[in-house]
Each structure stands twice: as structure tokens, then as C-alpha cells.
Amino acid sequence: MNQIEQEINERILKLKIVKLRKRGLSRSKVALKLGITIKKVRYWEKKYDLKGTIESTKPTGRKSIKTQEISDIIETETKNNRTLSCERLSNLLKESHDIEMSGTSVWRIRKALKFKYKAPKVKPKLTEQSKIKRLDFAKYHLEKQTNWKKVVFTDETWFYLESLNGFIWRQWGENDVNSESYQNNIISRCRVFSDMDKEYGQWNWLLMQDGDPAHTSNSTKEYLSNKCPVLKNWPPNSPDLNPIENLWGIMGRRISKESPNSERKLELIVRKVVKNIEWEVIENLINSMEKRLRLVVELSGESINGYF
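Remember, predicted model here, so these are calculated numbers, not experimental data.

1. Comments concerning unusual backbone geometry
Okay, step 1: Positive phi outside glycine occurs at aspartate 98, with the angle close to 60°.
Okay, step 2: Mapping aspartate 98 onto the fold places it in the loop between α6 (86-97) and α7 (103-112).
Okay, step 3: The exposure class of aspartate 98 is exposed, given its relative accessible area of 60%.

What follows is the structure, encoded as C-alpha cells:
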């Protein structure tokens, strides 16, 4: 990169920092969004004398900027590496942010931020009743010869910067989707309804949902009643029947190869991976539904994890 290009990039970075800081984002939030270090944000502020134009020096009655910034840094670093112990984070604060803080103090702030150190979620075992419902569902759709190409499969997942196979820090409410957010932030923004109406005709296709309370609430049922028919009797505790589960695995492997090191880069990589999923992959997953159902019948309703 020549000197002119470097100067242009520096100006662009400065403008981005100014814009984000004027919007009220803390240094740690700016660093996370731009994929740079907090030290670099401070450097540009100092170099261009931004602090006085961005942060008011008048007392506001709120807790000090320094305390808020430390809290933001701990939240950001915890989300960047959810396996990080309080002692290791204490060392990181000293090395990367020039902040002296004990592991106990880090733990207190994490607690105030509603983080808890939890084991990974374990999929519930299939009960005998669940197996019967899976078996009935499989037999019904095999006999009916359901056209699974006319079914929109839904599910949700989360991609993280770290591999999450053991205990991790989870923040209360961060993965929650309630009926309102499901309707307003997911369904209403999804173009698939108009696309499926155009492809197959209105009410000539089905929406698949699992038994999440956000999907089965009365308000969601009413909301969907004017949009599309819903696939009935999806059996409980049956993510193995949903081909999207395999799609998440494919995406996860492709995302890992890109090695994202910030939430912003992770978001960009996820979008790129979604865009580049081959149609052949999607078709193969949809076409696997008949095999999945036949295997459920063969195994008398037992799990088919590991077969696909």
C-alpha cells in the first residue's frame, strides 16, 4: 500500500470513528464494529483531538465514562471469547486495555451484566410419547406423499467467534425470541411468503415450525392465519427431522474456515456464506425428507441423528 492509499484509509477510518462515537457508541463498541483495537480508537481520538467534540465534559448524573467503558469492554471481550475465565480476562484487560482489575472484580461486573457460566444446552431425550408422535407424523406424510418442496422449513441458530463445546459465558435474554420479535423481526421481514405465493400460489404451500412458544402462541397463530397455512403436528424434540439442522452444520464449517476475529467480521462472513450456499445443497437437503421419515419408521420413532 502506497502513502496516498494509506492516507485515504486513515481519513476513512477517522470519519467512521467520528460518526460512531457521535452516535453514542463507546470506544469498545466502535472497536468491535470496525474490527480494530480499542487502543487504535484512542489513538485516532488523540491524533485528531476528537474527544472534546464527541463526549460532553459536563456532569450528567450517570456513572462515569470510565466505569461504563470498562463495563463495555468486559461485555465485548466476553462475547468475543465466551470460554475466557475471569482471571484470564483480568490479564487481558491489563495487557490490551491498560486496566488494572482483579478477577473477582471482573466476575462482579459480569454478574451485573447478567452473564452466567453455563454448560452447553443438552438436547432432551425422546420420551415414549415423543417417539409415538414422530412415528405417526412420519407414517402420515409418507402415506400422503407430501411434496416437501412446497414446505418452508424454519429454525434458528447462533454463530459465535469461539467453538462452544464446554462451559461458556451466556448473557441473560440475549438468545431469546418471543412472539412479538418473531412476528415483527423475522416473519414480517422475510420475503419467502411472497416468493412462495408467486411460485405455488397463495395457500398452496406450508410453513414448518417447531414447538417453540414464540411459534405456537395464540398471537403468532392469529398473525399467520392471514399469511399462510402451517404444517401441523411437527413432533416435539425432533430437530433431527429438520434438514435446516444440517444446513447450520455446513454453514458453521464454512464460517470457521474464515476465522472471524470480531463480531462485525463474523456478521459479514455469515452473510457471505448464506449468499454462496449452492442450490444443489438445498435441494439435496429437501429431498432427504422422505429418507428421514422412512428411517424414523424403521427405527420405531427413535432419533436419526448421525444418519444425515
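2. Focus on the packing of helix α15 (residues 279-287) against helix α16 (residues 289-298)
Axis angle and axis distance: for two packed helices, these are the angle between their axes and the distance between the axes, and together they describe the pair.
Okay, step 1: In the contact formed by α15 and α16, the axes pass within 4 Å of each other and the chain directions differ by 30°. Between α15 and α16, the interaxial angle falls into the category roughly parallel. Taken together, the residues of α16 that come into contact with α15 (itself represented by Leu285, Ile286 and Asn287) are Met289, Glu290 and Arg292.

3. Re the nonpolar core
Okay, step 1: Core analysis: the largest hydrophobic core is formed by 30 residues, its most contacted members being Phe137, Trp148, Phe153, Met251, Ile277 and Leu293.
Okay, step 2: Looking at this core, the elements with two or more residues in it are α8 (128-144), β2 (151-153), α13 (244-258), α14 (263-275), α15 and α16.
Okay, step 3: If you tally residues by element for this core, the top one is α13, at six residues.
Okay, step 4: Not counting chain neighbours up to four residues away, the residues in contact with isoleucine 277 comprise Leu247, Ile250, Met251, Arg254 and Ile282.

4. A short note on the side chain of aspartate 72
Okay, step 1: If you trace the backbone, aspartate 72 turns up in helix α5 (residues 65-80).
Okay, step 2: As a buried residue without a salt bridge, aspartate 72 has its nearest oppositely charged side chain in lysine 29, at a separation of 5.1 Å.
Okay, step 3: Setting aside residues up to four positions removed in sequence, aspartate 72 forms contacts with Ser26, Ser28 and Lys29.

5. With respect to the state of the cysteines
Okay, step 1: One pass over the full model with this rule turns up zero disulfides.
Okay, step 2: Cysteine 228 carries a free sulfur, and the closest cysteine sulfur to it, the one in cysteine 190, is 9.9 Å from it.
Okay, step 3: For cysteine 228, a relative accessible area of 3% corresponds to the buried category.

What counts as what
Residues numbered from 1 in each chain as written. Predicted model: local features only at pLDDT ≥ 70, side-chain atom pairs only at ≥ 80, totals over all residues. Heavy atoms only, no water. Helix = DSSP H or I, 4+ residues; strand = E, 2+ residues; numbered from the N terminus. Buried < 20%, exposed > 50% of the residue type's maximum accessible area, 1.4 Å probe, protein only. Axes fitted to C-alpha atoms, helices over the stretch in contact; angles between N-to-C directions. Parallel < 35°, antiparallel > 145°, perpendicular 65-115°, else oblique. Contact = heavy atoms within 4.5 Å. Core = buried A, V, L, I, M, F, W, Y, C linked by side-chain atoms within 4.5 Å. Lys, Arg positive; Asp, Glu negative; His and termini not counted. Salt bridge = Lys/Arg side-chain N within 4 Å of Asp/Glu carboxyl O. Disulfide = S-S within 2.5 Å.

No statement about biological role is implied by the geometric values presented.
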